[in-house]
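# Observations on chain architecture
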There are 4 protein chains.
Amino acid sequence: MTTTDQPTDHVSVTNTMASEDSPETDQLSRLYKHFEREHLNPLWTQRDSLMPTTPAPSAVPFVWKWSTLYPLAQRAGDLVPVGRGGERRAIALANPGLGGVPYATPTLWAAIQYLGPKETAPEHRHSQNAFRFVVEGEGVWTVVNGDPVAMRRGDFLLTPGWHFHGHHNETDQPMAWIDGLDLPFVHYTDTGFFEFGSECVTDGSTPDISRSERLWAHPGLRPLVGLDAKASSPIAAYRWERTDAALREQLALQDEGFAATTEPDHAAVRYTNPTTGGDVMPTIRAEFHRLRAGALTPARRTVGSAVYQVFDGSGRFRLGEHTHAVDKGDLIVVPSWVKWSIRADTELDLFMFSDAPIVERLHFIRTLTTDGA
Amino acid sequence: MTTTDQPTDHVSVTNTMASEDSPETDQLSRLYKHFEREHLNPLWTQRDSLMPTTPAPSAVPFVWKWSTLYPLAQRAGDLVPVGRGGERRAIALANPGLGGVPYATPTLWAAIQYLGPKETAPEHRHSQNAFRFVVEGEGVWTVVNGDPVAMRRGDFLLTPGWHFHGHHNETDQPMAWIDGLDLPFVHYTDTGFFEFGSECVTDGSTPDISRSERLWAHPGLRPLVGLDAKASSPIAAYRWERTDAALREQLALQDEGFAATTEPDHAAVRYTNPTTGGDVMPTIRAEFHRLRAGALTPARRTVGSAVYQVFDGSGRFRLGEHTHAVDKGDLIVVPSWVKWSIRADTELDLFMFSDAPIVERLHFIRTLTTDGA
Amino acid sequence: MTTTDQPTDHVSVTNTMASEDSPETDQLSRLYKHFEREHLNPLWTQRDSLMPTTPAPSAVPFVWKWSTLYPLAQRAGDLVPVGRGGERRAIALANPGLGGVPYATPTLWAAIQYLGPKETAPEHRHSQNAFRFVVEGEGVWTVVNGDPVAMRRGDFLLTPGWHFHGHHNETDQPMAWIDGLDLPFVHYTDTGFFEFGSECVTDGSTPDISRSERLWAHPGLRPLVGLDAKASSPIAAYRWERTDAALREQLALQDEGFAATTEPDHAAVRYTNPTTGGDVMPTIRAEFHRLRAGALTPARRTVGSAVYQVFDGSGRFRLGEHTHAVDKGDLIVVPSWVKWSIRADTELDLFMFSDAPIVERLHFIRTLTTDGA
Amino acid sequence: MTTTDQPTDHVSVTNTMASEDSPETDQLSRLYKHFEREHLNPLWTQRDSLMPTTPAPSAVPFVWKWSTLYPLAQRAGDLVPVGRGGERRAIALANPGLGGVPYATPTLWAAIQYLGPKETAPEHRHSQNAFRFVVEGEGVWTVVNGDPVAMRRGDFLLTPGWHFHGHHNETDQPMAWIDGLDLPFVHYTDTGFFEFGSECVTDGSTPDISRSERLWAHPGLRPLVGLDAKASSPIAAYRWERTDAALREQLALQDEGFAATTEPDHAAVRYTNPTTGGDVMPTIRAEFHRLRAGALTPARRTVGSAVYQVFDGSGRFRLGEHTHAVDKGDLIVVPSWVKWSIRADTELDLFMFSDAPIVERLHFIRTLTTDGA
């Protein structure tokens, strides 16, 4: 064991340190050995690492460059078939602080998924809540519970827990996008089920918009056949045109003198479940942010972890003590309670997802906004 | 006025009947007189009228013809100025069962409001929740908390409780629409406040869409500046184009074989508050229904009262034992627990509002669907 | 004013007054007659009475003396049998402002119910939510959905909507108590159903406490068989011993220096539904207040109406401009937005019920606390 | 298997196995090395371990004997002082499947805490929600936000997140109890804050019941000073006498022929938050179960993990394929989706806590009851 595991790493380290600080005697040493034999473990030698003063995540702030990710995904496309068993040609961000597990943060999975020309990723379903976000390309349909959903640049697409889904590429071009899931959380809490579905997609048609959108994506209007509150949004695709329009209007309203932006020159929308007004899925929050060139967000710390992807433009993320220049497609991880801020060098469009619904529903939320902190 | 008042009418009648049935003696008569002097009133002589087996509304099913309403509104436009004090040139439906009070049902107010060329209805605000629905015409802006909202055919427009609002007609043509309020309910429960505002509208600009729509009318997207649940929808106008599109899609989905319509050939949407997914205002539900020619809804009884307006087409409302032919603009009142059904002679578009949120939030809801009942 | 009916009275009066103020012409007069024929009613002549600046209830503040009520109830006991049809020997408070209807306030029914020795009030059920509060006596069991519930001084007993219930007196003494219902509200909204049940009570046993209490009245503990949220509390009886203990503890805690009382020397508890923490029934709030001798509550106005009963002690209610001395058993009505305050001459124990859940769930709540208002 | 870390163990194992199954080539090997350098990790080689068909917890079913725990706690009492820094003499159950971390399950901490005669554990507070349950002894007061709470056999005591708390033993006898916390969950999600408080308890008085109970532990009654919904229960102590009475009543009601027990001869209560009717704390459910001698629960699988402690009596836990005899004080861990059932040899009293609120609020709940499964 090279102590790369999470979350035990700094616990065991502290354990050792603590025992050095203790009034170590033979008797105590024998007691601790006895504890170990009986599968017991004292608090007092590791209290400070188990219960730090502020969150002390093992996960570290990190940036993955799209210019690195995409060629590696292409290479995988050449070498690795997609099919039953492996199910998806998805390459996950493995946070360097988490010991090699394929987790962007303790709770969140983020991966680039790559589908070659005419390829099909077979259908399956799982308890894990999933989404896709498309930073470039088009031509793939994801089929969610039998409903074909076109994927295009800027679209945010949902596959809530236990919905069957498969993907098929109808073009002669490959396509890549990012997948976001609560897979680490589900794995950690032992809450996940998985079931294989059809080898092919169950509906191979290629409509411009999904049936879910035709039924649900009308602002402020609900079909009378869908009046119950649902755990997850019934809208399978949040289209770029609408997100872009909402952001443009916020900035225009700001310029006309009305309160509409989150901060000056910072427009932002949250993707929501129209049956509740809340987050799109029980464990995952998703938002889109637009900063005008020159905008700088105040330094913040928030409980819970997040992943950003640059959709367009360039800027700099300040994460703890380091600043990272970012460009289109780059993925940025912000662990819990790390101080962060964003500066836009050009107009900067950012997709964001986080585990905030977990943190909020369980009443752990805290946010600190302070440039001096 | 010869005892046309509501809700005391059948109570007092029953009181008399009951006392005839009682073992009337001088002693008892003296006791009842003593009760009266002390402001007391026995249950046993009127129990059956106070607590009927099923709801026994004083309000009656009734239809007002647009062809009657509109000319009378025009005539009022000629004779009655609009201005401070009276505030609005609104003519209310007075349910014939309710003794002359200007109430469409015990809880709901429905009126035709008429604004002449270049006229302005001054700003005010009140606890009563209000909306407008436009069956024809355009050229008026309603200004809600300073936000100018264009009114056009098919639009559903909100003025939730305690929002300042005024109306101004920018054209050389008159315009009429219907107002819906919970005024009777607020009057009955003694919950209303009223405050005068500006004589003129506070923003005389005439944009195509309101700021509220620019900020809020994006399906599934919430601005980060508005994340709290609100009692009423922040969307000031639900535009006809979107309502119409949602209904068309439901019927198209039905034709493609998918569950999307309420009943075969009956599409329907509910207007909702995007911050909760629930009704647009705490006391008023609003929906739009489209029936294809020939469609017939099953006979239903529901607790609570509703008002329909024909937006387009023609058909027949069966209300209790009577059938009423209806056309564009006609207003139909369905009191509580009256058996009703609708038959569409042409494609029939119907706007509907009701007091269902009151009935549901207070747990009195019951619905009975049965053709044989 | 001879028309005393509610809620039309001041509307019709104002209507007349308003028309006198209008630029009355023959044409206008004809128009108004035309309106009337077509069951229409203009807003502008009566806007101020329909939408007053602050709530202008027809109901008036009023006090009924127990020393008047009880002998009249006894007299009714001598003259009027209790049985099927009339169902209950209940004599309702008829607010003098409401034109003779048996309503304490527009929404609330309050009555003294009297059951002679060995009498039985037959079982029935209705949509109306009901409770009983016992100011003196014992020996009656109310049987709620088959569960016999002993009634004793100080107990607060529930019969939520659509629960079968009957009462039987097992003693040689009469017993009287007050009934509270949302009967006026249910009558007004046309939401009520009624069904006869057994002529005799379905369980004639006379246990000290009900099965509902044995299952539910354990603080902070829920049976695993009852984990769903219920519209109404499953506790059939809130016993005096517990209410009294809770109030005593609040005052003792205050004396020890801890925040526990509502105001200095004013202890108060709300009866709640343990499945939600909210009000006991969807339309009725119930509380118990204890003021130490000399305590004076600040003058308040609240939207919604309430009824108090003095359980013990004596004091004075200031209601609007008048002060009323009150003693054990007296019932006091506080209409909406009337300024009121209470002064305790001795230690003063007060039971209170109101329509606050209606007002709060529908977002009409406002409260103003000010001695100068 | 020597790698015992959680949650990476079977992931890494599977990773290796999967790569053996893959069409391993030099190119692929180079690609995987490239992935590793770039902190990337493919899904397809480990999909089955990351997303098992049903939950595949690393945590194992396990039983700790009180007869082992208590002497070890005593020994720690002899050797290890309690004080600032280590804070508590608490010895945690370390699930053998979780690689040595002091976690009973992935989400739950369970420890025996031991306080010697006249000892004091200093005050602190933390985001972690905590409770204590007392299987034997008395004489310690836990002081929660300044409120002294006596600890006695059978009591369930709360310390919700961010409440200051310390413990002091006023007697000449040691006392031990169990602590339950969501510490693993908080550590895993990086949501925890910690703050030291007073070295001594801030109120050294020793009342029989706490102020929180005096204000809150009245069934169905809420103080008017505490009407908001609270994240955690304001009741600091759920006393044994009340729990026992509730259980006795359920069994008595069953014997009288009424539905009150969870299963025949199986009474159970859930500890709840009286401000919501829900679980006592946002992450932890707690219940008490009583089985009559001979009772056998049906075999169940549930998503989420639980810990039981035998409060009294003896019986057998069937956990997966093994049966464990248990006696007073023994602690039993039931990991997610493990098939389990309980047989009571004598009357068997069981305290239980679990992470069910996490599982339910995030919509991952599933339960399967089947003797054949």
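Read on for an overview of the structure. Just so it is clear, the structure is predicted and the values come from calculations on it, not from any experiment. Numbering of residues starts from 1 in each chain and follows the order in which that chain's sequence is written. Just so you know, chain letters begin at A and ligand numbers begin at 1, following the order they were written in. For a predicted model such as this one, the threshold for reporting local features is a pLDDT of at least 70, and the threshold for listing and counting side-chain atom pairs is 80 or more; totals across whole chains, interfaces and linings nevertheless cover every residue. Side-chain numbers here rest on the full set of heavy atoms in the structure, without hydrogens or water.

### Digging into the overall build of chain A
Secondary structure elements follow DSSP: runs of H or I no shorter than four residues count as helices, runs of E no shorter than two count as strands, and numbering proceeds from the N terminus. Looking only at helices and strands, chain A features eight helices and 24 strands. Taking 373 residues into account, the globule formula puts the C-alpha radius of gyration at 21 Å, and chain A, at 23 Å, falls close to it. For the area figures, the Shrake-Rupley method with a 1.4 Å probe applies, and any residue is considered shielded solely by the protein chains shown. Summed over its atoms, the accessible surface of chain A is roughly 12400 Å², and 50% of this surface lies on carbon and sulfur atoms. Computed over 34 positive and 47 negative side-chain charges, the separation of the two mean positions in chain A equals 2 Å. Computation of the radius of gyration draws on C-alpha atoms alone. For the globule rule, the value is 2.2 Å times the number of residues to the power 0.38. Positive: Lys, Arg. Negative: Asp, Glu. His and the chain ends are not part of the count. Charged side chains are reduced to one point each, which is NZ for Lys, CZ for Arg, CG for Asp and CD for Glu.

### Things to note about the interface of chain B and chain C
Here a residue-residue contact requires only that any non-hydrogen atoms of the pair lie within 4.5 Å. Listed as interface residues are 93 residues of chain B and, on the opposing side, 94 residues of chain C. The term buried area refers to how much accessible surface (probe radius 1.4 Å) is lost by two components on association, counted for both of them together. With both sides pooled, the region where chain B packs onto chain C buries about 8200 Å², and carbon together with sulfur makes up 69% of that total. The salt bridge criterion pairs a side-chain nitrogen of Lys or Arg with a carboxyl oxygen of Asp or Glu, the two atoms within 4 Å. In this assembly, chain B and chain C are joined by zero salt bridges. Whenever a nitrogen or oxygen atom comes within 3.5 Å of another N or O atom, the pair is scored as a polar contact, on the condition that within protein one atom can donate a hydrogen and the other can accept it, and that pairs from neighbouring residues in sequence are kept only if both atoms are in side chains. In this structure, the connection of chain B to chain C is made through 27 residue pairs in polar contact (both at pLDDT 80 or more). In terms of residues, the side of chain B that touches chain C owes the most to one element, helix 5 (residues 183-189) of chain B, which gives seven residues. DSSP bridges decide pairing: two strands pair if at least two such bridges lie between them. Pairing analysis gives three bridges linking strand 1 (residues 40-42) of chain B to strand 3 (residues 90-93) of chain C, with the strands arranged antiparallel. By the bridge assignment for strand 3 of chain C, N41 of chain B is matched with A92 of chain C.

### Thoughts on the side chain of R132 of chain D
Residue and element names in this part refer to chain D. Structurally, R132 is set in strand 6 (residues 130-133). Think of it in three bands: with a 1.4 Å probe and only protein chains considered, a residue is buried below 20% of the maximum accessible area for its type, exposed above 50%, and partly exposed in between. For R132, a relative accessible area of 3% corresponds to the buried category. A polar contact is formed between the side chain of R132 and the side chain of T159, at a distance of 3.2 Å. Not counting residues up to four positions away in its chain, the partners in contact with R132 are Q113, T142, M151, D155, F156, L157, T159, H165, H167, W177, I178 and D179.

### Notes on the relation of the copies chain B and chain C
What sets the superposition is a least-squares fit of C-alpha atoms, and only residues with pLDDT of at least 70 in both copies go into it. Relative to chain C, chain B is turned by 180 degrees and slid 0.0 Å along the rotation axis, the superposed coordinates differing by an RMSD of 0.0 Å. Taken together, the turn and the small shift mark the pair as related by a two-fold rotation axis.

### A closer look at the interface of chain D and chain A
Chain D puts 93 residues into the contact, and the matching count from chain A is 93 residues. For the pair chain D and chain A, the two sides together bury roughly 8100 Å², of which 69% comes from carbon and sulfur. The interface formed by chain D and chain A holds zero salt bridges in total. The interface formed by chain D and chain A includes 27 residue pairs in polar contact (both at pLDDT 80 or more). Of all the elements, helix 5 (residues 183-189) of chain D adds the most residues to the side of chain D that touches chain A, at seven residues. Classifying every residue of the side of chain D that touches chain A gives 54 nonpolar, 28 polar and eleven charged. Each residue receives one of three labels: charged for Asp, Glu, Lys and Arg, nonpolar for Ala, Val, Leu, Ile, Met, Phe, Trp, Tyr, Cys and Pro, and polar for the others, Gly being one of them.

### Concerning the relation of the copies chain D and chain A
Between the two copies of this chain, the relationship is a rotation about some axis together with a displacement along it. You can overlay chain D on chain A at an RMSD of 0.0 Å; the transform is a turn of 180 degrees with a shift of 0.0 Å along its axis. Here 99% of the interface residues in chain D have copies in chain A that are interface residues too; the copies meet face to matching face.

### A look at the sheet that holds strand 5 (residues 120-126) of chain A
All names here are of chain A. The five strands are arranged 8-7-10-5-12 in an open sheet whose pairing can be described as antiparallel. At either margin of the open sheet sits one strand with a lone partner, and together these are strand 8 (147-152) and strand 12 (194-196). If you compare each strand with its neighbour and ignore which way they point, the axes differ by 25 degrees on average. In terms of strand pairing, strand 7 (residues 138-144) meets strand 10 (residues 165-169) through five bridges, oriented antiparallel. Bridging from a neighbouring strand, W141 pairs with H168 of strand 10. The convention used is that axes are lines fitted to C-alpha atoms, helices contributing only their stretch in contact, and that angles between N-to-C directions extend from 0 to 180 degrees.

### Quick word on the pairing of strand 9 (residues 156-159) of chain A
Residues and elements named next belong to chain A. Of the two faces of strand 9, the one carrying F156 and L158 and the one carrying L157 and T159 are both buried. Across four bridges, the pairing between strand 6 (residues 130-133) and strand 9 is antiparallel. Looking at strand 9, one finds that R132 is bridged to L157. Sheet topology note: the strand 9/strand 14 (residues 237-238) ladder contains two bridges and is antiparallel. Paired with F156 across the two strands is Y238, which belongs to strand 14.

### Digging into the sheet that holds strand 4 (residues 109-115) of chain B
Spatial strand order, 14(B)-9(B)-6(B)-11(B)-4(B)-3(B)-1(C): seven strands in an open sheet with antiparallel pairing. Across the chains shown, the open sheet's two edge strands, defined by having one partner strand only, are strand 14 (237-238) of chain B together with strand 1 (40-42) of chain C. The pairing of strand 6 (residues 130-133) of chain B with strand 11 (residues 175-181) of chain B spans four bridges and is antiparallel. Across the sheet, residue R132 of chain B finds its bridge partner in strand 11 of chain B, namely D179 of chain B.

### Here we look at the packing of helix 4 (residues 66-79) of chain B against helix 2 (residues 26-37) of chain C
In contact at an axis separation of 11 Å, helix 4 of chain B and helix 2 of chain C are set at 155 degrees when each is read in the N-to-C sense. As judged from the angle between their axes, helix 4 of chain B and helix 2 of chain C are roughly antiparallel. For the element pair helix 4 of chain B and helix 2 of chain C, the recorded crossing hand is left-handed. Residues L72, R75, A76 and L79 of chain B of helix 4 of chain B pack against Q27, L28, L31, H34 and F35 of chain C of helix 2 of chain C. Here the word oblique covers every angle except those under 35 degrees (roughly parallel), over 145 (roughly antiparallel) and from 65 to 115 (roughly perpendicular). The crossing is said to be left-handed when, going from far helix to near helix, the turn is anticlockwise and less than a right angle, and right-handed when the turn is clockwise.

### Description of the pattern of salt bridges
Scanning all chains against the criterion turns up 99 salt bridges over all chains. For D265 of chain D, the salt bridge is made with R292 of chain D, and the minimal N-O distance between the two is 3.0 Å. Here D265 of chain D, found in the loop between helix 7 (240-255) and strand 15 (266-271), pairs with R292 of chain D, found in the loop between strand 16 (285-291) and strand 17 (300-302); they are 27 residues apart in sequence, far enough to count as distant. Looking at D265 of chain D, the relative accessible area reads 25%, which means it is partly exposed. In this structure R292 of chain D comes out as partly exposed when scored by relative accessible area, which is 23%. Residues joined in a network through salt bridges with shared partners are D244, R248, R290, E347 and D349 of chain A.

### A few points about unusual backbone geometry
All names here are of chain D. Positive phi values are uncommon outside glycine, yet D265 reaches one of about 65 degrees. A positive phi angle, close to 65 degrees, is found at H363, a residue other than glycine. Its location among the elements puts H363 in the loop between helix 8 (356-361) and strand 24 (367-369).

### Considerations on the arrangement of the chains
The least C-alpha distance between chain A and chain C, which are not in contact, is 16 Å. Separated throughout, chain B and chain D approach each other most closely at a C-alpha pair spaced 16 Å apart.

### A few points about the environment of G97 of chain D
Turning to its location among the elements, G97 of chain D is positioned in the loop between strand 3 (90-93) and strand 4 (109-115). Put simply, G97 of chain D and P61 of chain D are 36 residues apart on the chain and 8.7 Å apart in space, counted from C-alpha to C-alpha.

### Observations concerning the environment of L296 of chain A
Residues and elements named next belong to chain A. One can find L296 in the loop between strand 16 (285-291) and strand 17 (300-302). Taking the C-alpha atoms as reference points, L296 and S49, 247 residues apart in sequence, are found 34 Å from one another. The residues contacting L296, other than those within four sequence positions of it, are S341, I342 and R343.

### Brief notes about the nonpolar core
In plain words, nonpolar cores are sets of buried Ala, Val, Leu, Ile, Met, Phe, Trp, Tyr and Cys residues tied together by side-chain atoms within 4.5 Å. Counting residues in hydrophobic clusters, the biggest one holds 54 residues, and the most contacted among them are F131, F133, F156, Y271, F288 and F351 of chain A together with F35 of chain D. Here this core gets seven residues from one element, more than from any other, and that element is helix 4 (residues 66-79) of chain A.

### Concerning helix 4 of chain B
Residue and element names in this part refer to chain B. Here helix 4 spans 20 Å end to end across 14 residues, near enough to the 20 Å set by a 1.5 Å rise per residue. Taken as a whole, helix 4 has its buried residues at W66, L69, Y70, L72, A73 and A76. Seen from one end, helix 4 has its buried residues packed into an arc of 165 degrees, which puts them on one side. Summarising the geometry of helix 4, the exposed residues directed more than 90 degrees from the buried face are S67 and D78. For a helix, the expected span equals 1.5 Å multiplied by the residue count minus one. In this context, the arc is that of the directions from the helix axis out to the C-beta atoms.

### Describing the side chain of S212 of chain D
Looking at the element boundaries, S212 of chain D is found in helix 6 (residues 211-216). Apart from residues lying up to four places away in sequence, S212 of chain D is in contact with D147, A217, P234, I235, A236 and A237 of chain D.

### A few points about the environment of L368 of chain C
Residue placement: L368 of chain C occurs in strand 24 (residues 367-369). Between the alpha carbons of L368 of chain C and V303 of chain C there is a distance of 9.1 Å; along the sequence they are 65 residues apart.

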